[in-house]
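What follows is each chain in one-letter form.
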Amino acid sequence: MRQSFLHEVANHYISSFPETNPSVCIIFPNRRASTFFKKTLLEVRNDNQWLPEILSSQDLVKKLSSLQIIDSVRALFELYKVYQKCEGESADSFDLFSTWASQLLHDFQEIDLYCVDADKLYSSVDAAYAMKNWSPDRSEITPYQGQYLKFWSKMGVWYNEFRKHLLKNSMATSAMSYRFLAENISTTNMPWKHFIFAGFNALNTSEKKIIKHLEKRNQATLLWDLDSYYTESEMHEAGHFARDYMRDTGKSKLNNTGNHLREIKRKIHITGVAKNIGQTIIAGSVLNKMIEENVELSNTALVLCDEQLLMPTLEVLPESLSAANITMGYPMHLLPVATLFSAFMEMHIKSRTVKVEGVSEPAFYYKDLLRILRNPVFASLLPASEVSLLILRTEKSYEIFLPVSKFISAEHKISEFQFLLNSWNDDPEISLSALLTLSDKIRLHPSFIDKEEFGYDLESLFELTTLLNRVKSMLQEFKGFTNVRALSRVFQQLMRQLTLPFLGEPLSGLQIMGLLETRNLDFKNLIVLSVNENIIPAAKSQNSFIPFDIAQGFGLPTYRERDAVFAYHFYRMIQRAENVWLIYNTESDEFGKGEKSRYITQIIEELKDANTEISTELFVPQLPKSDHVEIVIDKTPELIQQIIKKYDGTSDRNRLSPTALSSYFRCSLQYYFRYFSGIKIDDTKDEEIGANELGDIAHKVLEILFADYLEKPLSKDVFIQMLSQLDEVLEGELHITKSGRNYNEGKAILIKHGIKKMLSQYLKYEIRELETNDSSPSKLKAVEQSLTGSVNVETMFGEQVIHLGGKADRIDFIGKELRVIDYKTGTVDERKLKLNLLNDIFDKEGMDKALQLFQYVFMAMRMYKGYDISAGILSLRKPSSGISEVSLDKNSIFDESYETILDDLFSDIASEILNNEISFSQTKDLGICAYCDYASICNR
């Protein structure tokens, strides 16, 4: 491999400062490069000499500025102090303040790093937003607009007061310390005679000021890590900052600009594979091959552009891998212990108070309870049988918010954790006390003591306990937490700053790192994962209150500069490498991701003529070939007996219903699974209101409204009376519904109003019809009436009686005509109810509603002699369409002459179901499979 950048820096230092102990400080952009440089310097020098001072940029500024650098959370609280002082009684609560203050702090950071005049900047921002609210007719702004404009006008004040407050207390944010040093560099006492700035690229204004001052005094040298491939092209974004610096300083070329991308012979392998796990598998196979070929892995890096791939990547590392160093650490917030603590806070934030037998107690959202019970750390604190029981109890309960008394029992081990389920009264102190107690219980639990598999959890538990104690001390100092939500926000923000380091030798073996950690480091072999658009470069985002054009005008970075930073890191990473594997995820998600990074396209187009061999492939795993096996269930004598017994008419449940017939005609195998296989459908409660529940509620309300008018004419006054009772009856039905949901909040209240509107417009339709129709009103015969009938069927066991059954929503009559009316909450396709031939039921798709109505007609003929029968569907969603009646050869009124025809129809259907020579089989219509509860069995 060509000489690395760190070797170039080492050679420069040795040749420029040959004396034994020179007063030199070498500054790198990050600490990782500093660690590797020490090793490189020892290799190059190969003698016992004093090392120069080697610092990261942040460490240098911290050392020279003499200010206490505070982190982002401390900065948030200090800013809140200033904000409260400025705004007095009109200040937002800390909970509300924290939702927007982080974005404001980000703007303050940028202002300081780029030494922008904050007064001028925020004056422009204020004017820009004022222009947006300006009206040509000079009308008065609304109070809301006034508050809106006041917010923008105060930002400059908050910035200045915040800066004064911190400096008065010898504190600073990281960006403030840069600005402070830049503005006071001429009076700063320098502990070294010379500075070498190595491997910098996107210098901010503060860094430029510091470096330029030192250069003027011949105290600084800049060693760039660049390539002419991107610096010489005005269009190449990777060289954006280098070209800017050359224009700014009048230099035609910067030192340490090589021609590596054109001169080094390299191979680039580009692979697209579905899913993130597919990427890790490809990376594992590449490493396996390298080990088999005895490739030196200490000169190899596995780079994760998406750092969330760390754990799945570790799972696929070859067992024969002798050494590996993981530089990035694992994000604390992804660990089971951390997610458990977060889940408890989230559960209490969503909790509500309910009354059980007159006593108030907390009730928790069932999904939050399940999340805690399924957490591996919490589950390990309880017997496995108890965890299973609690999960089952939570899933099977009809309540969306489960009261504690219905969840916890004194005889169970979970009663030891009652303190976590008691009401926290939205008090942060009570919350912290409960979580710290939980921490102690986990640490001392027998499941965790001296068990190696929980070592990582115990280490993370120690870090989290330290974090909780820090939050507790901040709570006492700032008094800014007003509720558990505010506590949770701060906890999450602090936790996302923590990572658990992996033990390992940092300078040997395979290096596993993130993209930014590759700065200044060179490897012969690179395996890079997640080379996808919106990951590298990251997706465009405007995390700023400062409009784009104003930010650009004041020299603040925008997404263009961020893209240029990513481009530089990518091209710098590969510029000295000889073997590069670029792996990306081809799978699209709901946001359209799955597109390979633009850098891949650029490489393919631009580097193909630059001494680079490029290969591309889409990896498709070879699955074992298997012919699709049709599922066929033969009708054994035992199954025939089961079907006969199922429809023996001993109860309403033992009758062949329209629903069962519809299922049979859609897919006979689905019919078998549902009624005879014994396979249970997952009936876990659904917090969303489905079409079935909505229909059940509407039907029940109409049943109650009609119940008082049996055997009475349904006059206009009757429907007016029903309309006046609608609200009361609907509220009563919703109150007793099994779902246990609250219909006065969230999506449920919208559903309630939807049901009310639907039933209201139906009743108004009936009123209008009676107002415009001169004929006599219908007379109500029955509501929710069970209809029955039977047919005789020849089976392998001789002739059998098969009983039919169903429930009619409403039966009324006008003269000799008896109408069976079925309510539907959906729309009705009248074309599917008009039959020329009865066989159309078998020959055409979507005839299930016609079959249902013919079954009602047939059973009504058996029960109500002497009437002409009609049957139809009334759409509650579109009542203006009227009753859509089923008809046969244009006849929608059926008299006794049709009874034989319908008897033959249902006898034939029942005979087919009981015919032992016709098996239950899968439907040919795959569209039916899409919503089938048994689709996974058929593997469709």
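From a predicted model like this one, the values you see are computed outputs, not experimental measurements.

Rules behind the numbers
- Residues numbered from 1 in each chain as written.
- Predicted model: local features only at pLDDT ≥ 70, side-chain atom pairs only at ≥ 80, totals over all residues.
- Heavy atoms only, no water.
- Helix = DSSP H or I, 4+ residues; strand = E, 2+ residues; numbered from the N terminus.
- Rg over C-alpha atoms; globule rule 2.2 N^0.38 Å.
- Contact = heavy atoms within 4.5 Å.
- 1 Å grid on protein atoms, 1.4 Å probe; cavity = no way out; pocket = protein on both sides within 12 Å on 5 of 7 lines; lining within 4 Å.
- Points joined across faces, edges and corners; volume = space filled by probe spheres on them.
- Axes fitted to C-alpha atoms, helices over the stretch in contact; angles between N-to-C directions.
- Left-handed = near helix turned anticlockwise from the far one by under 90°.
- Nonpolar A, V, L, I, M, F, W, Y, C, P; charged D, E, K, R; others polar.
- Pairing = 2+ DSSP bridges.
- Buried < 20%, exposed > 50% of the residue type's maximum accessible area, 1.4 Å probe, protein only.
- Phe/Tyr/Trp six-rings, centres within 6.5 Å; stacked < 30°, edge-to-face > 60°.
- Right-handed = clockwise from strand over helix to strand, strands pointing away.
- Arc of directions from axis to C-beta.

Observations concerning the overall build of the chain
Along the chain, the regular secondary structure elements total 36 helices and 29 strands. Scaling as 2.2 N^0.38, a compact globule of 940 residues should have a C-alpha radius of gyration of about 30 Å, whereas the chain reaches 38 Å, well beyond that. For the C-alpha atoms alone, the extent of the chain along its principal axes is close to 120 × 70 × 65 Å. Counting only contacts in the chain whose residues sit at least 6 apart along the sequence, the fraction spanning at least 24 positions is 77%.

Section: empty space enclosed by the protein
Counted under the stated rule, the structure contains nine cavities of 30 Å³ or more. Roughly 120 Å³ of internal volume is contained in the largest cavity. What lines the largest cavity is a set of 14 residues, among which His 106, Glu 110, Ser 544, Pro 557 and Arg 562 lie closest to the centre. Elements supplying a minimum of two residues to the lining of the largest cavity: helix 5 (94-113) and helix 23 (548-553). The element contributing the most residues to the lining of the largest cavity is helix 5, with three residues. The computed volume of the second largest cavity comes to approximately 80 Å³. Lining the second largest cavity, in full, are Cys 667, Leu 669, Gln 670, Phe 673, Thr 923, Ile 928, Cys 929, Cys 932, Tyr 934, Ala 935, Cys 938 and Arg 940. When residues of the lining of the second largest cavity are traced back to their parent elements, those giving at least two are helix 28 (668-675), helix 35 (926-929) and helix 36 (935-938).

Describing the packing of helix 27 (residues 658-666) against helix 33 (residues 848-863)
The geometry of helix 27 relative to helix 33 is characterised by a closest axis approach of 9 Å and an angle of 145 degrees between their N-to-C directions. The two elements helix 27 and helix 33 meet at a crossing, and its hand is right-handed. Judged by residue contacts, Pro 658, Leu 661, Ser 662, Phe 665 and Arg 666 of helix 27 engage Asp 848, Leu 851, Gln 852, Gln 855 and Tyr 856 from helix 33. Residues belonging to the contact of helix 27 with helix 33 are distributed by class as follows: five nonpolar, three polar and two charged.

Topic: the sheet that holds strand 14 (residues 359-365)
The strand order across the open sheet formed by three strands is 13-14-15, and the pairing between neighbours is antiparallel. On the outer flanks of this sheet lie strand 13 (352-356) and strand 15 (401-403), each paired with one strand and no other. Direction aside, neighbouring strands of the sheet carry axes that sit 45 degrees apart on average. Where strand 14 and strand 15 come together, three bridges link them in antiparallel fashion. Looking at strand 15, one finds that Ala 363 is bridged to Pro 403.

Considerations on the side chain of Ser 4
Looking at the secondary structure, you find Ser 4 in the segment before helix 1 (5-16). Overall, the relative accessible area of 10% leaves Ser 4 in the buried class.

Quick look at the packing of aromatic side chains
For the structure on display, the rule yields 52 aromatic pairs. An angle of 35 degrees between the planes, with centres 5.9 Å apart, marks the rings of Tyr 13 and Phe 17 as tilted. Like Phe 17, Tyr 13 is buried. Look at Phe 94 and Phe 97: their rings are 6.2 Å apart centre to centre, the planes differ by 40 degrees, and that puts the pair in the tilted class. You can see Phe 94 and its partner Phe 97 sitting in helix 5, three residues apart, about one turn around the helix.

Brief notes about the pairing of strand 2 (residues 53-56)
Two faces, one strand: in a regular strand the side chains alternate between the faces of the sheet. Across four bridges, the pairing between strand 1 (residues 24-28) and strand 2 is parallel. When the bridges of strand 2 are listed, Phe 28 appears paired with Ser 56. With respect to chirality, the unit in which strand 1 leads through helix 2 (residues 31-45) into the neighbouring parallel strand 2 is right-handed.

Thoughts on helix 28
Most of helix 28 sits out of view: six of its eight residues are buried. What helix 28 keeps buried is the set Ser 668, Leu 669, Gln 670, Tyr 671, Tyr 672 and Phe 673. Packed against the buried residues of helix 28 are strand 21 (632-633), helix 26 (637-646), helix 27, helix 34 (899-914), strand 29 (920-921) and helix 36.

So, helix 26
Buried within helix 26 we find Leu 639, Ile 640, Ile 643 and Ile 644. Buried residues of helix 26 fall within an arc of 140 degrees about the axis and therefore sit on the same side. Facing away from the buried surface of helix 26 by more than 90 degrees, the exposed residues are Glu 638 and Lys 645. On its buried side, helix 26 packs onto strand 21, helix 28, strand 22 (779-795), strand 23 (798-814), helix 34 and strand 29.

Description of the sheet that holds strand 11 (residues 324-326)
With respect to topology, seven strands assemble into an open sheet ordered 11-17-10-18-19-9-20, the strand pairing being parallel. For this open sheet the edge positions go to strand 11 and strand 20 (612-619), each flanked by a neighbour on one side alone. On average, each strand axis in the sheet is tilted by 15 degrees relative to the strand beside it, whichever way the strands run. Bridging between strand 9 (residues 266-273) and strand 20 involves eight bridges; their strand directions are parallel.

As for the environment of Ala 75
When you line up the elements, Ala 75 lands in helix 4 (residues 72-87). When the C-alpha positions of Ala 75 and Phe 162 are compared, they lie 9.3 Å apart, and in sequence the two are 87 residues distant. Not counting chain neighbours up to four residues away, the residues in contact with Ala 75 comprise Ile 70, Leu 105, Phe 162 and Thr 173.

Observations regarding unusual backbone geometry
The omega torsion of the bond from Ile 536 to Pro 537 falls at 0 degrees, within 30 degrees of zero and hence cis. With respect to the secondary-structure elements, Pro 537 resides in the loop between strand 18 (525-529) and helix 23. A positive phi angle, near 60 degrees, is found at Asn 294, a position not held by glycine. Turning to its location among the elements, Asn 294 is positioned in the loop between helix 13 (276-292) and strand 10 (300-304). Phi is positive for Asp 426, which is not a glycine, with a value near 55 degrees.

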